[in-house]
Amino acid sequence: MKSIEQLLEESDRLLGELVAADVELAGALYDDSDARRQLKDADQELSLGEAEVITVAVIQSKAKEGPLAGIATTSDAYKAAVTKLLASAHQGDLKRSYVRLKERQIQADDRKVVLEQATARFSAIRHASNLLASMLQATVSISQGGTHDNSVSNSQ
C-alpha cells in the first residue's frame, strides 16, 4: 500500500496534469468552434456563388441560350445539367471558394478529432484523480484507525 506522502505526491502530479488537460481542452473547444464557423462561412460563400451561376443559367435558358436551354426544369436531364454546371463552376469561376470549402472541411474534421482527444484525456485524468482521492481518503481513514466509508462519492 502506498504511504500518504506518496499519494499526496501523486495527487500533486495529477493536479498538474488536470490543469494542463483543462487548458488543452479549452483551446481545443475554441479551435473547434472557430473551425466550424469558418466552415459555415466558406459554405455560405460557395452557396452564394452557386446560386449566382444557376440564376445566370436560368435567365439564359429563358432566352433559349446557355447550358440549361431547352431542358424541362422537372426532368432528370435538368438536374444532371445543373450538377454538371456546378461541377464546371467549381473548376472555373468558383474554384477558389470550392477549394476553400474543402480546406475548411478538412480543418473542421481535424479540429473535431483534437477536441475528442482532449476530452478523452481530460476525462481519464479526472477519473484517475477521483480514484486517487478515494485511495487517499481510505488511507487516511485506515491510518486514523477508522474504516473507509464507501458512501462518500466524488463529484463528477
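Residues numbered from 1 in each chain as written. Predicted model: local features only at pLDDT ≥ 70, side-chain atom pairs only at ≥ 80, totals over all residues. Heavy atoms only, no water.

## Looking at the overall build of the chain
The number of helices and strands found in the chain is 3 helices and 0 strands. Mapped from its N terminus to its C terminus, the chain presents α and β elements in the order α-α-α. Against the compact-globule benchmark of 15 Å for 156 residues, the chain has a radius of gyration of 29 Å, which places it well outside the compact range. The C-alpha extent of the chain, read off along each of the three principal axes, is 95 × 30 × 20 Å. Pairs at least 24 residues apart make up 75% of the contacts formed inside the chain by residues separated by at least 6 positions. For the chain, the exposed area adds up to about 10,500 Å²; of that, 55% sits on carbon and sulfur atoms. (Helix = DSSP H or I, 4+ residues; strand = E, 2+ residues; numbered from the N terminus. Rg over C-alpha atoms; globule rule 2.2 N^0.38 Å. Contact = heavy atoms within 4.5 Å. Areas by Shrake-Rupley, 256 points an atom, 1.4 Å probe, with all protein chains shown as cover.)

## Observations concerning the confidence of the model for the chain
Across the chain, pLDDT averages 92, with 92% of residues at or above 70. Least confident of the elements in the chain is helix α3 (residues 95-143), whose mean pLDDT is 94; most confident is helix α2 (residues 76-91), at 97. Contacts of residues 150-156 to residues separated by more than four positions or lying in other chains number 8 contacts, the stretch itself having pLDDT below 50. (pLDDT = per-residue confidence, 0-100.)

## Points about the nonpolar core
In terms of nonpolar packing, the biggest core is built from 13 residues, with V53, L68, V82 and L94 touching the most fellow members. Mapped onto this core, the elements with two or more residues apiece are α1 (4-62) and α2. A per-element tally of this core places α2 first, with 6 residues. With residues near it in sequence (within four places) discarded, V53 still touches L85, A89 and L94. By size, the runner-up hydrophobic cluster in this structure holds 11 residues, among which are L14, A21, L25 and A118. (Core = buried A, V, L, I, M, F, W, Y, C linked by side-chain atoms within 4.5 Å. Buried < 20%, exposed > 50% of the residue type's maximum accessible area, 1.4 Å probe, protein only.)

## Notes on the pattern of salt bridges
Under the defined criterion, the tally for this structure stands at 7 salt bridges. A salt bridge links E17 to R13; the nearest nitrogen and oxygen atoms lie 2.0 Å apart. Remark: R13 and E17 occur in helix α1; sequence separation between them is 4 residues, near one turn of the helix. For E17, a relative accessible area of 26% gives the class partly exposed. Between R37 and D34 there is a salt bridge, with its nearest N and O atoms 2.6 Å apart. Taken together, the positions of R37 and D34, both in helix α1 and 3 residues apart, correspond to about one turn of that helix. A single salt-bridge network, built from bridges that share partners, covers E10, R13 and E17. (Salt bridge = Lys/Arg side-chain N within 4 Å of Asp/Glu carboxyl O.)

## Digging into a nonpolar patch on the surface
On the surface, L15, V19 and V23 cluster together into a nonpolar patch covering about 280 Å² of accessible area. Within the element layout of this structure, L15 appears in helix α1. (Patch = residues over 30% accessible without salt bridge, like charges linked within 9 Å, V, L, I, M, F, W, Y side chains within 5 Å.)

## A look at α2
Between its first and last C-alpha atoms α2 spans 23 Å; for 16 residues at 1.5 Å apiece the expected length is 22 Å, and the two agree. The complete set of buried residues in α2 reads Y78, A81, V82, L85, L86, A89 and H90. Turning to α2, the residues buried within the fold contact α1 and α3. (Expected span 1.5 Å × (residues − 1).)

## A word on unusual backbone geometry
Phi at K64 takes a positive value of approximately 65 degrees, unusual for a residue other than glycine. The residue K64 is located in the loop between α1 and α2 in this model.

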